[in-house]
Amino acid sequence: MGEDFPRFLASTRKCSSQGLHGFPLVGRKLAGSSPYPSAFSSPLPNPFLPCKFQPLVYQKKLSFHSLRTRRVLILSEAGRQGWDVGRFLKTLYFFNGPPSPAKFFQNLIEKLSGPSPSEAEKAMDISKIILVAGATGGVGRRVVDLLRKKGLQVRVLVRNEEKARRMLGPDVDLIVGDITKASTLIPEYFKGVGMVINAVSVIVGPKEGDTPDRAKYSQGIKFFEPEIKGDSPEMVEFVGMKNLINAVKKMLDFAVENWCLDMKANQMMIKFLEGTSSRELPWGALDDVVMGGVSESTFQIDPNGGENGGPTGIFRGVVSTANNGGFTSIRTRNFSIPEDLSAYDGLELCIKGDGRRYKLIVRTSRDWDTVGYTTGFDTVKDQWQSVRLPFSSLRPIFRARSIPDAPPFNPSEIISLQLMFSKFEYDGKLNPTFVEGQFQLPISSIRAYMKEPNTPRFVHVSSAGVTRPDRPGLDLSKQPPAVRLNKELGFILTYKLKGEDLIRESGIPYTIVRPCALTEEPAGADLIFDQGDNITGKISREEVARICVAAIESPYACDKTFEVKSVIPFSEPYTVDPENPPPEKDYNLYFQTLKEGITGKESLGQTPVPV
């Protein structure tokens, strides 16, 4: 509700035979004044959009039966200004009804007897779930282990739940799905996911068979005659990649239009990237009338008021400190489905300032009167500006007081938004820019944004050699088996390249890792990073897992495609002395040497995929 609802609650102690809150109830204007020309007519249009309301009119004694056709003002005995009970009730019912009587009196008791909360600020820790696909494979299970050791939230996508729990533990956050079957990738599975590490790969094994733990395949050095086991490369590497990208795209998409509020046709709309779908987001006025004040605001559309002559919304009104008031706001109705913005870092407002300080309040609860995660922002008079409000800056506020023990802000459960101009800051502090009277704030858009520099949101383990089967003039006898046997293996490398292209074309910030032959050797050997798809060699699965985990935190890895191998030749096994392990690598030193746009397709006479 309003930030100063406590004073409204406290006023109930004045209840007497005079009427509600100790004010006489009258059916015509008595002594007192109003900030508007007439106490019965507001200078503002209907403050609720796009819905229309019938006038709310009541009997002299506010009976909720046998309603009469005249408006009622509630006036004080000590010169307080008229309180518009009709607008108060209209406000309540616009926002899905008033609070329950039980909660009303519980709040009253808390107000009268509860201790004041600490003024300590609480930082908002934003946790983004990292989805690991192919989590039971040689690289995938190591990625899961590394992420857990770093204390990061991990969710795994697997086909076999029993195998996954046996391998990864009974408490793993697990979803069961098959990327080759889009119907199994249920949207709810990906709620809260902010990053993906994809280690899914078509299964290749010896024709003569393998041990249950795939020992022949895992050793990765000695050649065996291979064949595809299970689904084809086309289904796994191409169709499966397409299905996975579609499943996670809403969470990961970097396009600024993926979540934004635009002013269209006299309403604010939420627009999604998928097609032209959109849904209404009605805003209504929520002013200090809820605690006895007389301030009033509205939300309007100016079809030509935007920075470039396009439509813009306008939050405007008149604010007054009469009756201990002093705030106006517009708030959305609760979203029917919570908005999941966990893939983003904050909200960006495009506004034309008036030199005042405003607040943005984000709620994650459907309750009427509840904690709002709040941040303030200053504006520059008569200038269009973009204001970025990081989710990390949001503070839990309840009735203008900080709540240090409130749960952390959850960007995957956004229920409503509110813009406010108020005399009050938090914990007794005042807004230094507050002035009574008229104000207006044009708002052309509210968007979710990702901070710069970007870090990858989709890390994919591919393979060295994906561009080589069709490369002219290549001596295949010197190439790995997969290159020589690409056709016999169902065009495995061809479809891996097609899957890579889907990632590069998706608009999602990515890293594509192309390891050479994978081994079960330990990590720690010196590495060679290269681009253009030319190198051969070997690298341990443990090292590849470490590279993937480092990539999701590195802006230097964003939108890069590269090959990687160790400096150890095939003929030499690599071991590590437990008493003298190699130092940990700073993978950023490698990532910094890489360039965008190099894929190896240049050697095919094709234009590289734009990134």
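The structure we're discussing is the one just above.
Please read all numbers here as calculations on a predicted model, not as lab measurements.

## Points about the pairing of strand S30 (residues 560–566)
- Along S30, seven of the seven residues are buried, which leaves the element largely enclosed by surrounding structure.
- Burial along S30 is two-sided: the residues Lys560, Phe562, Val564 and Ser566 and Thr561, Glu563 and Lys565 are all buried.
- The sheet contact formed by strand S28 (residues 527–530) and S30 spans four bridges and is antiparallel. The residue bridging aspartate 530 from the neighbouring strand is glutamate 563, located in S30.

## A closer look at the sheet that holds strand S6 (residues 174–176)
- Read across the sheet, eight strands follow the order S6-S5-S4-S7-S25-S26-S30-S28 without closing on themselves; strand pairing throughout is mixed. Edge positions in the sheet fall to S6 and S28, since each of these pairs with one other strand and no more. Direction aside, the axes of adjacent strands within the sheet are offset by 20 degrees on average.
- As paired elements, strand S7 (residues 193–198) and strand S25 (residues 458–461) share three bridges and run parallel to each other. Residue pairing in the sheet places valine 196 in a bridge with phenylalanine 458 of S25.
- Taken strand by strand, helix H5 (residues 161–168) contacts strand S5 (154–158) and S6, and its axis lies near 160 degrees from that of S6.
- The sheet contacts of helix H9 (residues 492–505) involve S25, strand S26 (510–515) and S30, and relative to S26 the element is tilted by about 160 degrees.

## Section: the side chain of aspartate 501
- Examined against the element boundaries, aspartate 501 turns out to sit in helix H9.
- Exposure remark for aspartate 501: the relative accessible area of 12% places this residue in the buried category.
- Engagement of the side chain of aspartate 501 in a polar contact is seen with the side chain of lysine 601, the distance being 3.0 Å.

## Some thoughts on the pairing of S26
- Burial runs high along S26: six of the six residues are buried.
- Burial of the side chains of S26 extends over both faces: Tyr510, Ile512 and Arg514 are buried on one face and Thr511, Val513 and Pro515 on the other.
- Pairing of S25 with S26 involves four bridges; the strand directions are parallel. Considered in S26, the bridge of valine 459 is made with threonine 511.

## Observations concerning the pattern of salt bridges
- Inspection of every chain in the model, using the stated rule, returns 28 salt bridges.
- Here arginine 142 ties to glutamate 520 by a salt bridge, and the two come within 2.9 Å at their closest N and O atoms. Within this pair, whereas arginine 142 is found in helix H4 (residues 140–149), its partner glutamate 520 is found in the loop between strand S27 (517–519) and S28, the two being separated by 378 residues in sequence.
- Among the residues examined, glutamate 520 registers a relative accessible area of 38% and is labelled partly exposed.
- A salt bridge links arginine 165 to glutamate 161; the nearest nitrogen and oxygen atoms lie 3.0 Å apart. One end of the pair is arginine 165 and the other is glutamate 161, both in helix H5 and four residues apart, which spans about a single turn.
- The class for glutamate 161 is partly exposed, based on a relative accessible area of 37%.
- One network of salt bridges, with partners in common, ties together Glu500, Asp501, Arg504, Arg514, Glu563 and Lys601.

Cut-off values and rules
Residues numbered from 1 in each chain as written. Predicted model: local features only at pLDDT ≥ 70, side-chain atom pairs only at ≥ 80, totals over all residues. Heavy atoms only, no water. Buried < 20%, exposed > 50% of the residue type's maximum accessible area, 1.4 Å probe, protein only. Helix = DSSP H or I, 4+ residues; strand = E, 2+ residues; numbered from the N terminus. Pairing = 2+ DSSP bridges. Axes fitted to C-alpha atoms, helices over the stretch in contact; angles between N-to-C directions. Contact = heavy atoms within 4.5 Å. Polar contact = N/O pair within 3.5 Å; in protein donor to acceptor, adjacent residues only side chain to side chain. Salt bridge = Lys/Arg side-chain N within 4 Å of Asp/Glu carboxyl O.

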